[in-house]
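# Inside the fold
Spelled out from the first residue to the last, the chains are:
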Amino acid sequence: MAIKEPERIWWKPFTRDERLWVAMALLWMMGSFVFMPVYHFIGAQNPPSETYRVRDHEKFRALVDGMVAKYKVGEDKGVPVVKPEPGSDVFMQASMWQWYPVLELEKGKTYRIHLSSMDITHGFSIQPINMNFMVVPDYDYVLTLTPTTAGDYYIVCNEFCGLGHHLMVGKMIIK
Amino acid sequence: MPEEREKAEEGKEPIPAWQLFYDDIFLLFFLGVAIPTLVYTVWGLMEIVQIPELPVFKP
Amino acid sequence: MDYRICSLTGLKINKPAEDLIKWNMVTAILFLAIGGFMGLLMALTRWPSVHYLDTSHYYRFLTLHGFDALLLWILFFEVALVHFTSAVLLNTRVVAPFSAWIAYALMLVGAAFVNIVVFAGKADVLFTSYVPLKANGVYYLGIIIFAVGAIVAFANFFANIIQARRDKAYQHSLPLGTFGLAAASIIGIVTLAHGAVIMIPVFFWSIDLIKYIDPATYRLVFWGLGHPSQQINVCAMVAMWYMTAGFVLGAKPVNEKLSRTAFVLYILFINVASEHHLLVDPVLSSWHKIINTSYVMHLAVLASMIHAFAIPASIEVALRNKGYTKGLFDWLKNAPWGNPAFSATFLSIIGFGFLGGTTGVIFGTEQFNIIRHNTFAITGHFHATVVSGTTIAFMGGTYLLIPYIFRRNLVLPKLAAIQPYLYAIGVAVMLIGMMAAGTYGVPRRHWDITFSNAIFSFSFDPSADMFLSMMGVGGLFAALGGAMFIIISLGSIMFGRKIQ
Ligand code: HEM
Ligand SMILES: [Cu+2]
Ligand SMILES: [Cu+2]
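## Looking at the sheet that holds strand β6 (residues 102-105) of chain A
To summarise the sheet geometry, strands pair through backbone hydrogen bonds and adopt either a parallel or an antiparallel arrangement. All names here are of chain A. Strand order in this open sheet of 7 strands is β2-β3-β6-β12-β11-β8-β9, and the pairing throughout is mixed. Two strands close off the open sheet at either side, each with one partner strand: β2 (72-76) and β9 (131-135). Within this sheet the neighbouring strands show an average axis-to-axis angle of 25°, counted without direction. Relative to strand β11 (residues 151-157), strand β8 (residues 122-127) runs antiparallel, the two sharing 4 bridges.

Set out below in structure tokens:
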């Protein structure tokens, strides 16, 4: 009994049902175990792992400002809209409580989007397609991203970042 | 008394090694601490200290 | 020595063990009352047409809800189980009652620190307190004191076992229930050690004695506390399932080897699952993520599959032995559905297995995690594990232990008979609403998903609103069921008819 000491020797062979169940479960487990790495190499959509340390936030801010100065094509609600060259490095800065700047990207072209935070942790959640990544201060996370559908996308912050958390919405325009 | 217990068990079938392993909660304790600490924590910390610096980008 | 014989079970109950179990259980229930009430406020705020709390109270009470419900209710209850399984089940004593009381006092002081400083509005950081978000130092100090107390409490388990072995309270193998708590205690010590290791520097940082804490290191080590503490729950919950089946039905594990293998797999492999929380973080490599989230080959999931087989099988065997042998399901029809200790256990097995375990394995896959991370679906998943699994199992455990330990009968037995069902259904409706809303991208921990004052306005698919309302309605029922539990358990402890 689970509440009493078992008999002296309880190490006994499994019965047929038990063997069957364990074998089935084991097969399923091995299937999922193999799935993750295999999909990592053949799949189209995986969490990226390219990342850099940002010791000095100003250095990242300078990259953002440089990009805005060079590629700005307009403004949306006072936030600069930037149209970087396809294939280039694009910098997106998170801070309490803004995503900066607004990006305009071309459908079918690949971009390297660098995400970093100037203050605390934020969550980069692209809506309505619902893709989510963390933005951690002092680190640069590089998403290699190829938009496939045109439209307006919004970036909702989905990690608690203080009282203005619910105000933190950014935008991405895919043309 | 361990001697008494040994005497009582004389002549009986020996306990299988796997059962002895499962009964040794201190060995399990050691493994239970070591495995996650090495596989998760220590490995993770090693990766964190090896992150490269932000390179120079040509805009 | 100071023992009495329990007239219901024949167990030899050591007085210090009995007192420790009583105090830890009552404290656990009180924190569940606070945490559960905060949960109700959360449901009322996330229900779009109600939207009850203002911004700062929402985050403040969310911090408290996470902390009181997740850490305090569950860990205090688990310490009660530590003493129950390592002393009472073995008919032996608590070796060092003094240190067990110190542990209790430290846990209580730490818990009080955190509750007070959060209520005072000085720590609106949510229970994850991701650095460099900063709370008042008292918050971190409270966590450290609590963690040290809990480590001492789990260490008591091992001290009791060593003594029990010396006293020949057992010969070779621990009873399965005790073995399950051994797994819980091992995991508990790893977990809380991680907690102490990271919270001590963060405390010094919060009082400006240390300049910098690396946010990625914090996240890594914090989840070495945050996730494995859920694995303590899994072990303790499964042990509770086996014990309740044993006490209520006289059920015997169908195969000790099978069930113990499952616990050994937990001990060895379950902790690395902390990585689930970091799948879409920068910093860690893909290999670190893959190896760790697969629980080193999903062996820990295999363990849960084993229990999912072994426990129902043992219940079936026990009921068939009682003579319910007609057809395939006669035993199921004649199970003691009106006994809340049994029904809670059964509901917990279903809820944990079907709602919690499955979603956990899915969301824990790298690629799926991208489309679920930090959405409300995650909140749905862990309410399935930690509420419809662990909390309901421990509610059943409370009903089981009130007669044995407090020597009282349950008050309001009719209400007690329906309480587990009401709570389980409420929680299930709530968490299915959460999971569904999450699939539309609705974030967790978010005060205003209409973004009414944000510069860019965006609205979720209108169906999300419907699912959030479903969550709200389910939450109301869950809160009602939770309140019934508090009333029945505390009422029985204070006013139940005495058992001689
Ligand atoms: C009456 C029952 C309960 C209700 C109605 C309830 C409701 C909620 C709601 C609506 C949230 C989401 C808050 C948000 O992200 O906006 C939440 C979060 C949470 N709940 Fe519950 N809950 C209940 C019981 C519990 C219990 C018993 C536990 C633990 C054992 C628990 C653990 C948590 C945790 C850990 C969070 C996440 C906190 C965070 O994101 O920081 N809940 N709950
Ligand atoms: Cu933010
Ligand atoms: Cu935020």
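## Quick notes on the sheet that holds strand β4 (residues 89-95) of chain A
Residue and element names in this part refer to chain A. A sheet is described by the order of its strands in space; here 5 strands give the open sequence β1-β10-β7-β4-β5, paired in mixed fashion. For this open sheet the edge positions go to β1 (50-53) and β5 (98-100), each flanked by a neighbour on one side alone. Taken over all neighbouring pairs, the strand axes of this sheet differ in orientation by 25° on average, direction set aside. Pairing of β1 with strand β10 (residues 139-145), which is carried by 4 bridges, proceeds in the antiparallel orientation. If you follow Thr 51 over to β10, its bridge partner there is Tyr 141.

## Notes on the coordination of the copper ion (ligand 2)
Residue and element names in this part refer to chain A. At this site the copper ion (ligand 2) is bound by His 122 (ND1), Cys 157 (SG), Cys 161 (SG) and Met 168 (SD), with donor distances of 2.0 to 2.5 Å. Donor residues for the copper ion (ligand 2), ordered by position in the chain, follow H-x34-C-x3-C-x6-M. The distance between the copper ion (ligand 2) and the copper ion (ligand 3) is 2.6 Å, with Cys 157 acting as a donor to both metals. Residue His 122 is located in strand β8, and its partner Cys 161 is located in the loop between β11 and β12 (169-174); the two are separated by 39 residues in the primary sequence.

## So, the interface of chain C and chain A
How big an interface is tends to be reported as the loss of accessible area on association of its parts. On the chain A side, the residues contacting the 86 residues of chain C number 70 residues. Summing the contributions of chain C and of chain A, the shared interface buries around 7000 Å²; its carbon and sulfur component is 69%. The largest contributions to the chain C side of the interface with chain A come from C:Lys257, C:Ile370 and C:Phe456, which together make up 12% of the buried area. Taken together, chain C and chain A are joined by 2 salt bridges. In this structure, the salt-bridge partner of A:Glu159 is C:Arg445, at a minimum N-O distance of 2.9 Å. Applying the counting rule to chain C against chain A returns 23 residue pairs in polar contact (both at pLDDT 80 or more). In terms of residue count, the dominant contributor to the side of chain C that touches chain A is helix α10 (residues 295-321) of chain C (8 residues).

## Describing the packing of helix α5 (residues 176-206) of chain C against helix α8 (residues 256-269) of chain C
Residues and elements named next belong to chain C. Packing of α5 against α8 leaves a shortest axis separation of 9 Å and a crossing angle of 5°. Judged by the angle between their axes, α5 and α8 are roughly parallel. Residues Leu 176, Phe 179, Gly 180, Ala 183, Ile 186 and Ile 187 of α5 pack against Glu 256, Ser 259, Arg 260, Phe 263, Val 264, Tyr 266 and Ile 267 of α8. For the contact of α5 with α8, the residue count by class is 9 nonpolar, 2 polar and 2 charged.

## Details of empty space enclosed by the protein
Residues and elements named next belong to chain C. In the structure shown here, the tally under the stated rule is 6 cavities of 30 Å³ or more. Each pocket or cavity is described by its volume, and for the largest cavity that value is around 80 Å³. As for the largest cavity, its lining consists of Phe 67, Leu 70, Leu 71, Phe 127, Ile 143, Met 199, Phe 222, Leu 225, Gly 226, Ser 229 and Gln 230. Listing elements by their share of the lining of the largest cavity, those giving two or more residues are α2 (55-88), α6 (215-226) and α7 (228-249).

Rules behind the numbers
- Residues numbered from 1 in each chain as written.
- Chains lettered and ligands numbered in written order.
- Predicted model: local features only at pLDDT ≥ 70, side-chain atom pairs only at ≥ 80, totals over all residues.
- Heavy atoms only, no water.
- Pairing = 2+ DSSP bridges.
- Helix = DSSP H or I, 4+ residues; strand = E, 2+ residues; numbered from the N terminus.
- Axes fitted to C-alpha atoms, helices over the stretch in contact; angles between N-to-C directions.
- Donors = N, O, S within 2.8 Å, 3.2 Å for Na, K, Ca; no water.
- Contact = heavy atoms within 4.5 Å.
- Buried area = accessible area lost by both parts, 1.4 Å probe.
- Salt bridge = Lys/Arg side-chain N within 4 Å of Asp/Glu carboxyl O.
- Polar contact = N/O pair within 3.5 Å; in protein donor to acceptor, adjacent residues only side chain to side chain.
- Parallel < 35°, antiparallel > 145°, perpendicular 65-115°, else oblique.
- Nonpolar A, V, L, I, M, F, W, Y, C, P; charged D, E, K, R; others polar.
- 1 Å grid on protein atoms, 1.4 Å probe; cavity = no way out; pocket = protein on both sides within 12 Å on 5 of 7 lines; lining within 4 Å.
- Points joined across faces, edges and corners; volume = space filled by probe spheres on them.

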